[in-house]
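Residue strings, one per chain:
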Amino acid sequence: MSEDRNEMPEPEVDTRRREIPSILTSEFQSPSPDQVLENVLENVLLFLTSRRDRNAVSLVCKSWYRAEALTRSELFIGNCYAVSPLRAIQRFRRVRSLVLKGKPRFADFNLMPPNWGAYFTPWVTAMATAYPWLEKVYLKRMFVSDGDLELLAQSFPAFKELVLVCCEGFGTNGLAVIASKCRQLRVLDLIEDEVSDDEVDWISCFPENGTNLESLIFDCIEWPINFEALERLVARSPSLRKLRLNRHVSIEQLYRLMIRAPQLTHLGSGSFSSSDIVAQGDQEPDYVSAFAACKSLVCLSGFREIVPDYLPAIYPIFWVLDSVCDEGLQAVAATCKDLRELRVFPIDAREDSEGPVSEVGLQAISEGCRKLESILYFCQRMTNAAVIAMSKNCPDLVVFRLCIMGRHQPDHVTGEPMDEGFGAIVMNCKKLTRLAISGLLTDKAFSYIGKYGKLVRTLSVAFAGDSDTGLKYVLEGCLKLQKLEIRDSPFGDVALRSGLHHYYNMRFLWMSSCRLSRQGCEEIARAMPRLMVEVIRNENEQAKDSFEILYLYRSLEGPRNDAPEFVTIL
């Protein structure tokens with residue numbers, strides 16, 4: 001999940017001329033030079049959409065700070081505890097789009113105890129009165145209740161886009177309210193969410209007289225939906241461009257949807273297997289022609305049970321489960337020469353499972369898809385040679401995430417650590433900003449990352465390293481590092497202290513099952529009082545001094561007031 005893999009599109013900016021109020025008097029009064037400059041600045045800033053550029057502008061002086069706040073329409077908050085809702089709405093009064101993130105990424109792997117926090121309720125409650133013109137909400141790893149969704153639907157009459165990524169707490173009741181009350185809804189994307197089944201037919205709740213839907217994603221829904229209602233919905237949504245289906249939609253049903261929506265640009269295939277409902281003697285639908293008719297198709301995902309015969313019709317971005325096997329990836333490499341992004345997820349995420357993809361598939365992709373910019377690859381075995389080949393064949397990689405699921409797995413051909421493979425990635429891929437490493441790795445791999453990974457902003461580490469020295473290489477060398485997440489690695493207090501110079505510049509540091517002490521964490525808290533240092537123990541752990549997780553992040557508000565009992569803020 002970016003971090004970014006489902007980022008919101010840039011907001012639409014109102015470029016109409018702003019009317020400058022004037023005082024009607026008998027004599028014309030020319031505005032002061034400062035007022036003229038401020039009016040000009042506000043109009044110029046309307047065209048500045050990059051949040052990093054806007055952040056830089058706000059630091060110039062007080063007048064620029066005020067002008068930037070008045071003209072900001074999209075608000076991005078990378079940590080819901082970094083700032084309070086009240087502070088946000090007091091500064092930014094004209095927000096139309098909100099991006100809000102909660103738990104750190106390792107929560108996706110059940111490393112965060114339940115009920116840790118990241119509640120959307122205080123945010124939607126504050127926005128209900130402050131931002132009546134709100135149109136877009138993107139939430140990631142937040143706890144969202146049905147009540148939150150109902151308040152969202154009731155409070156914002158022009159609401160258009162809702163994207164929920166890795167969220168929990170809501171069910172089909174809440175989805176039904178969104179579908180029925182948000183009459184201008186264009187986007188409803190449910191991505192890797194935990195959605196409860198309230199036995200409500202939410203698909204049937206969309207308006208009957210045509211919709212504005214442009215994107216509908218529900219591949220995380222774990223139960224069958226009303227397909228007839230979905231088919232009617234697709235038919236009356238002429239603007240629909242993105243559609244991702246869950247595993248209960250068969251390939252025959254997929255065909256029926258595709259012939260009703262040939263305008264699709266993004267398609268999630270559902271199961272991509274037959275439901276066995278085709279009667280004997282009936283002609284099987286022409287799936288290849290259906291794909292060929294979708295001439296705007298640029299993004300494909302799903303394919304839980306891939307049929308390799310159909311791969312030539314499928315391009316150029318591919319998200320699949322590893323049931324595609326190395327042979328399927330070889331077929332992708334042979335046909336998808338313009339591939340930019342590939343994500344291969346495990347169908348069985350257990351460490352001791354038999355993985356159907358390996359270095360064979362990775363090397364095939366690197367040789368056949370040389371325009372690749374982003375890859376996430378789960379596997380059980382890998383070789384340095386395959387990773388080195390990818391670094392040379394795909395030098396434009398911005399994201400490289402290789403997740404070898406077995407712990408401390410070496411190069412399965414040579415038995416050597418995977419140091420040289422990951423070293424080649426940071427040396428040869430000059431645009432790399434996101435890196436995930438795994439397998440048997442020594443401090444040498446971390447020295448490569450610290451020396452050559454100068455643009456790396458996000459680093460994920462699992463079961464890797466020899467000593468504190470490895471982490472020191474990274475914290476002292478990767479000066480643009482924003483997010484660092486580490487699990488089950490031999491890093492302790494010495495490594496933690498080596499980042500004192502950099503923690504205020506980072507969004508967060510997460511360390512679980514490492515060799516930290518309570519005393520070492522307290523030293524960091526004393527040295528950096530504006531940094532929130534949370535130590536988190538397992539829910540069943542009674543000893544107050546023991547902990548499993550360190551979560552360190554910046555906050556303008558001080559300690560949060562909704563921390564559960566198993567969280568101690570130092």
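Because the structure is predicted, anything quoted here is derived from the model rather than measured.

Points about the environment of Val474
Then comes step 1: By the element assignment, Val474 lies in helix H16 (residues 468-477).
Then comes step 2: Take Val474: its relative accessible area is 0%, and that puts it in the buried class.
Then comes step 3: Through-space distance from the C-alpha of Val474 to that of Lys454 is 9.8 Å; in sequence the pair is 20 residues apart.
Then comes step 4: In this view, Val474 contacts Phe446, Ile449, Gly450, Leu459 and Leu481; residues no more than four positions away in its chain are not counted.

Thoughts on the environment of Asp562
Then comes step 1: Turning to its location among the elements, Asp562 is positioned in the loop between strand S21 (549-554) and strand S22 (567-569).
Then comes step 2: When its relative accessible area of 25% is taken as the criterion, Asp562 is described as partly exposed.
Then comes step 3: Sequence separation of Asp562 and Tyr119 is 443 residues, and the distance between their C-alpha atoms is 9.0 Å.
Then comes step 4: With sequence-adjacent residues up to four places away left out, Asp562 is seen in contact with Tyr81, Trp116 and Tyr119.
Then comes step 5: Among the polar contacts listed, one links the side chain of Asp562 to the side chain of Tyr81, at a separation of 2.6 Å.
Then comes step 6: Among the polar contacts made by the side chain of Asp562, one reaches the side chain of Arg560 at a distance of 2.9 Å.

Things to note about the nonpolar core
Then comes step 1: Counting residues in each nonpolar core, the largest one holds 86 residues, and the members touching the most others are Phe120, Leu190, Trp202, Leu216, Phe218 and Leu230.
Then comes step 2: Among residues more than four places away in sequence, those in contact with Leu216 are Leu188, Asp189, Trp202, Phe206, Leu230, Leu233, Leu240, Lys242, Leu243 and Arg244.
Then comes step 3: Leu329, Val344, Met390 and Phe400 belong to the second largest nonpolar core, which has 67 residues in total.

A word on the packing of aromatic side chains
Then comes step 1: Scanning all chains against the criterion turns up 13 aromatic pairs.
Then comes step 2: Considering the side-chain rings of Phe400 and Phe422, the 6.2 Å spacing of their centres and the 70° angle between planes classify their relative orientation as edge-to-face. Of this pair, Phe400 sits in strand S15 (residues 399-404) while Phe422 sits in helix H14 (residues 419-428), and the two are 22 residues apart along the sequence. The two residues Phe400 and Phe422 agree in class, both being buried.
Then comes step 3: The rings of Tyr81, Phe106, Phe109, Trp116, Phe508, Trp510, Tyr551 and Tyr553 are connected pair by pair, giving a single aromatic cluster.
Then comes step 4: The aromatic ring of Phe76 is capped on one face by Arg51, whose charged end is 3.6 Å from the ring centroid.
Then comes step 5: Residue placement shows Arg560 over the ring face of Tyr81; its charged tip is 4.6 Å from the ring centre.

Cut-offs and rules
- Residues numbered from 1 in each chain as written.
- Predicted model: local features only at pLDDT ≥ 70, side-chain atom pairs only at ≥ 80, totals over all residues.
- Heavy atoms only, no water.
- Helix = DSSP H or I, 4+ residues; strand = E, 2+ residues; numbered from the N terminus.
- Buried < 20%, exposed > 50% of the residue type's maximum accessible area, 1.4 Å probe, protein only.
- Contact = heavy atoms within 4.5 Å.
- Polar contact = N/O pair within 3.5 Å; in protein donor to acceptor, adjacent residues only side chain to side chain.
- Core = buried A, V, L, I, M, F, W, Y, C linked by side-chain atoms within 4.5 Å.
- Phe/Tyr/Trp six-rings, centres within 6.5 Å; stacked < 30°, edge-to-face > 60°.
- Lys NZ or Arg CZ within 6 Å of the ring centre and 35° of its normal.

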